[in-house]
6 protein chains.
Amino acid sequence: MEKNRFELGIETLEKMFPAEALEGMKKMKEISPDFWEMIVGFGYGELYPREGLNLAERELVTLSSLITQGAFEQLDVHIRASLRVGLTEQQIKEVIIQCSGYAGFPKAVQAMKVASVIFADEAEKANK
Amino acid sequence: MEKNRFELGIETLEKMFPAEALEGMKKMKEISPDFWEMIVGFGYGELYPREGLNLAERELVTLSSLITQGAFEQLDVHIRASLRVGLTEQQIKEVIIQCSGYAGFPKAVQAMKVASVIFADEAEKANK
Amino acid sequence: MEKNRFELGIETLEKMFPAEALEGMKKMKEISPDFWEMIVGFGYGELYPREGLNLAERELVTLSSLITQGAFEQLDVHIRASLRVGLTEQQIKEVIIQCSGYAGFPKAVQAMKVASVIFADEAEKANK
Amino acid sequence: MEKNRFELGIETLEKMFPAEALEGMKKMKEISPDFWEMIVGFGYGELYPREGLNLAERELVTLSSLITQGAFEQLDVHIRASLRVGLTEQQIKEVIIQCSGYAGFPKAVQAMKVASVIFADEAEKANK
Amino acid sequence: MEKNRFELGIETLEKMFPAEALEGMKKMKEISPDFWEMIVGFGYGELYPREGLNLAERELVTLSSLITQGAFEQLDVHIRASLRVGLTEQQIKEVIIQCSGYAGFPKAVQAMKVASVIFADEAEKANK
Amino acid sequence: MEKNRFELGIETLEKMFPAEALEGMKKMKEISPDFWEMIVGFGYGELYPREGLNLAERELVTLSSLITQGAFEQLDVHIRASLRVGLTEQQIKEVIIQCSGYAGFPKAVQAMKVASVIFADEAEKANK
């Protein structure tokens, strides 16, 4: 059953993250296999697949929490995931703007810069 | 035009907050009329009425930011607002559970306690 | 197996927390049975029983994290747990003093006040 | 010389805090004499008496840091100190309003409530 | 009137930031014109020009909030602005030292490193 | 006596940090000799040499506080110090894993990446 939780986590991860981002995240497996199991099993096997909020709504929560705590490196992969689970670039910008009032402008400014790099990246890929 | 921004803010506030909560918030007007104008004009006149995310989605962002920064007194009024703009009790619980992974369990536990008091409050009112 | 994780969590909880503190924590079961299962299964079934650090060392980590994030209500129950898993009052005070340099004096002062109430409480119980 | 640092700290404390606030702070001496010595010797013996910023300017820094980290209990005594070292009520309100943009509105709202209780308190004393 | 708020914001920005810093900040206009309008209109059109605290005193608040929340990229441009609105290098160092007691040494150390790069930069320009 | 506090601090620093890390830290002496004296005298002359917790236990506290506040640059030197005062790589990983539940997964993931670079670094040195 523990194994099923892990398998469900891998499935969720593959649904949410683009291949390159997932590749980067999988490096954790070598650093600490235990921690990797926890991230996959608990984070993506228990939290994200829960009912009540869909993946796009859960990413609204995740993005807001990451911006508020200033975790900009994790914000990068979760903005990429947000686009895959159905949030638009406009919606992501609105999350950041809404956060300016709650977490302050400095964190919102920093988040907008992170987002703009990803959006430029995506535009470039789309044009190829 | 400045005045319109303020009027729009008051309108949004009345849509979002139950009467008693709004009454409490309006005490700010006497403490600092300037700050009250800013809260109404900027917060509820500029941020909340923006397009791209509806009020329920904006409250997902607000709740997550408040939980992450441990602002539990403001969380109280925004959980009440969340119920008015269409989030269900189950969805609010899911926001808190999702935050446990991102902001840590201590803040999620504290948030769940705040929510439970409000939900009991609402149940009591509904039973009258 | 999932069930074993939960059972192990309950066992750890009973080892760590005095009866009254545990009673307070168990109220979460009624607020959100799912979240309670997560706290017990993940927190006390997966994290605390891990090898590499014993329970007293894990509480050094927990206390430091709670002080740094200003989670003083959770700090209360974890100071009580710390005394049960082998930390002395002097060691707990030293954790707080050490945190003054890393998380700033305001949080350390607040933590020392929380600790002093618990230590007075324990002294009173011991004198009965 | 260590003793002089402590004596200078006591002198600074007496200059900065009204008698009742100081009485409350001195309770730390019984909880942890070592920590009290550190607060007095380092905080008020080394930091506040430094040149380059006067006490009023140092309180601008302190208030802003306390609001940003949500340390509202310490904010209370430092607002009282601010009034003693020369900041006006209007200036303190402006610190809070300025912080709304940098630390977010929830913390600024909470800080304004703390301030308003103190200002009412002071007005009452002045009227006696 | 909304336009006047924006114009006043631009004026304040030009008074506060050196040309290169301002150039960097203006990139926000392309990323999100709406957010840029908000930063200029609210931040620099409403907050900074308020009475009660002058620009140098407002920067004392801003620097302290940025250090406390660990927003070091924004700290960079605001240290540059602080020098333009009248704070000296010594005063900026004192803000950081004062913050060591309130926000902890790690953030103060990081802030001092950011400041030292800017001060070296300024010294080099002055020597040309 | 003040001088003794500083001398004791230097002694502690030399016991705790590898030569290169210490070299980097000493740059603070040129940026702000006063702040350097404070870091050495207060941090390493007063805090670390205190009784009640040994250096390894104090580093458990320091690491947890740094992870919780997201101070990853200081985390780097303190992981290096932790290895010198007796913590093993496994114990350091457990601190990080324990923090995932208290400070959230984003900060734990970031901390694990910082740690892995240092551990690879140490392994390389050991193989020479």
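Because the structure is predicted, anything quoted here is derived from the model rather than measured.

Engineer: Please clarify how the interface of chain A and chain B should be interpreted in this entry.
Structural biologist: Contacts between the two partners involve 31 residues from chain A and, on the opposite side, 31 residues from chain B. Inspection of the chain A/chain B interface yields 4 salt bridges. Counting the contacts that link chain A with chain B gives 18 residue pairs in polar contact (both at pLDDT 80 or more). Elements supplying a minimum of two residues to the side of chain A that touches chain B: helix H4 (33-47), helix H5 (55-69) and helix H7 (89-103) of chain A. With 11 residues, the top contributor of residues to the side of chain A that touches chain B is H7 of chain A. Broken down by class, the residue content of the side of chain A that touches chain B amounts to 14 nonpolar, 12 polar and 5 charged.

Engineer: Looking at this model, I keep getting lost on helix H7 (residues 89-103) of chain C. Mind explaining?
Structural biologist: Each α-helix winds once per 3.6 residues, and so residues spaced three or four apart point in a common direction. Residue and element names in this part refer to chain C. Over its 15 residues, H7 runs 20 Å from end to end, which matches the ideal 21 Å to within 8%, given 1.5 Å per residue. Judged by how many residues are buried, H7 sits mostly within the fold: 12 of 15 residues are covered. Taken together, the buried positions of H7 are occupied by Gln91, Ile92, Glu94, Val95, Ile96, Ile97, Gln98, Cys99, Ser100, Gly101, Tyr102 and Ala103. Taken from the residues just after H7, Gly104 is the one with a positive phi, measuring 95°.

Engineer: Would you take a moment to explain the packing of aromatic side chains for this structure?
Structural biologist: How two aromatic rings sit relative to each other is set out by the distance from centre to centre and by the angle between their planes. All told, the structure shown has 39 aromatic pairs over all chains when counted by the stated rule. With a centroid separation of 4.1 Å and 5° between ring planes, the pair formed by Phe42 of chain B and Phe42 of chain E is classed as stacked. Remark: Phe42 of chain E occurs in helix H4 (residues 33-47) and Phe42 of chain B occurs in helix H4 (residues 33-47); the pair is interchain, linking two chains. Given the relative accessible area of 0%, Phe42 of chain B is considered buried. Ring-pair connections join several aromatic residues into one group, and the members of that group are Phe35 and Phe42 of chain A, Phe105 of chain B, Phe35 and Phe42 of chain C together with Phe105 of chain F.

Engineer: Explain the pattern of salt bridges here, please?
Structural biologist: Side-chain pairing between opposite charges can occur once the charged atoms of the two side chains come close. Under the defined criterion, the tally for this structure stands at 60 salt bridges over all chains. Arg50 of chain D serves as the salt-bridge partner of Asp34 of chain F, at 2.8 Å between the closest nitrogen and oxygen. Taken together, the positions of Asp34 of chain F in helix H4 (residues 33-47) and Arg50 of chain D in the loop between helix H4 (33-47) and helix H5 (55-69) put the pair across two chains. Judged by relative accessible area, which is 40%, Asp34 of chain F ranks as partly exposed.

Engineer: Which parts of the structure should I look at to understand the relation of the copies chain A and chain B?
Structural biologist: Overlaying chain A on chain B yields an RMSD of 0.0 Å, the required transformation being a rotation through 180° with an accompanying axial translation of 0.0 Å. The transformation just described matches what one would write down for a two-fold rotation axis. When you check the interface residues of chain A against chain B, 100% turn up at the interface there too, and the contact is symmetric in its surfaces.

Engineer: Can you help me understand the packing of H5 of chain D against helix H7 (residues 89-103) of chain E in this one?
Structural biologist: The description of two packed helices rests on the angle between their axes and on the distance between the axes. Where H5 of chain D contacts H7 of chain E, the axes come no closer than 10 Å and their chain directions differ by 45°. Accordingly, the angle class assigned to the pair H5 of chain D and H7 of chain E is oblique. The way H5 of chain D lies across H7 of chain E gives a crossing that is right-handed. Packed against H5 of chain D, whose contacting residues are Glu57, Arg58, Val61, Thr62, Ser65, Leu66 and Gln69 of chain D, the element H7 of chain E presents Gln91, Glu94, Val95, Gln98, Cys99, Tyr102 and Ala103 of chain E at the interface. For the contact of H5 of chain D with H7 of chain E, the per-class residue count stands at 6 nonpolar, 5 polar and 3 charged.

Engineer: Before we go on, may I ask you to explain the environment of Ala21 of chain F in this structure?
Structural biologist: Residues and elements named next belong to chain F. Residue placement: Ala21 occurs in helix H2 (residues 19-25). The exposure class of Ala21 is buried, given its relative accessible area of 11%. C-alpha separation for the pair Ala21 and Ala126, spaced 105 residues apart in sequence, amounts to 17 Å.

Engineer: Quick question: what am I supposed to make of the confidence of the model for chain A here?
Structural biologist: The predicted coordinates should not be examined in detail at positions where pLDDT is low. Confidence in the prediction of chain A, expressed as mean pLDDT, is 95, and 98% of residues score 70 or more. With pTM at 0.97, the complex prediction returns an ipTM value of 0.95.

Engineer: Would you mind showing me how to read the environment of Phe105 of chain B here?
Structural biologist: Following the sequence through the fold, Phe105 of chain B ends up in helix H8 (residues 105-127). Residue Phe105 of chain B is classed as buried on the basis of its relative accessible area, which comes to 10%.

Engineer: For this particular structure, what's the right way to read H5 of chain D?
Structural biologist: All names here are of chain D. With 15 residues, H5 extends 21 Å from end C-alpha to end C-alpha; this agrees with the ideal 21 Å at 1.5 Å per step. Sitting at the head of H5, Asn54 places a side-chain oxygen 3.1 Å from the backbone nitrogen of Ala56. One or two residues past the end of H5 sits Gly70, with phi positive at roughly 70°.

Rules used in this analysis
Residues numbered from 1 in each chain as written. Chains lettered and ligands numbered in written order. Predicted model: local features only at pLDDT ≥ 70, side-chain atom pairs only at ≥ 80, totals over all residues. Heavy atoms only, no water. Contact = heavy atoms within 4.5 Å. Salt bridge = Lys/Arg side-chain N within 4 Å of Asp/Glu carboxyl O. Polar contact = N/O pair within 3.5 Å; in protein donor to acceptor, adjacent residues only side chain to side chain. Helix = DSSP H or I, 4+ residues; strand = E, 2+ residues; numbered from the N terminus. Nonpolar A, V, L, I, M, F, W, Y, C, P; charged D, E, K, R; others polar. Expected span 1.5 Å × (residues − 1). Buried < 20%, exposed > 50% of the residue type's maximum accessible area, 1.4 Å probe, protein only. Phe/Tyr/Trp six-rings, centres within 6.5 Å; stacked < 30°, edge-to-face > 60°. Least-squares fit on C-alpha atoms with pLDDT ≥ 70 in both. Axes fitted to C-alpha atoms, helices over the stretch in contact; angles between N-to-C directions. Parallel < 35°, antiparallel > 145°, perpendicular 65-115°, else oblique. Left-handed = near helix turned anticlockwise from the far one by under 90°. pLDDT = per-residue confidence, 0-100.

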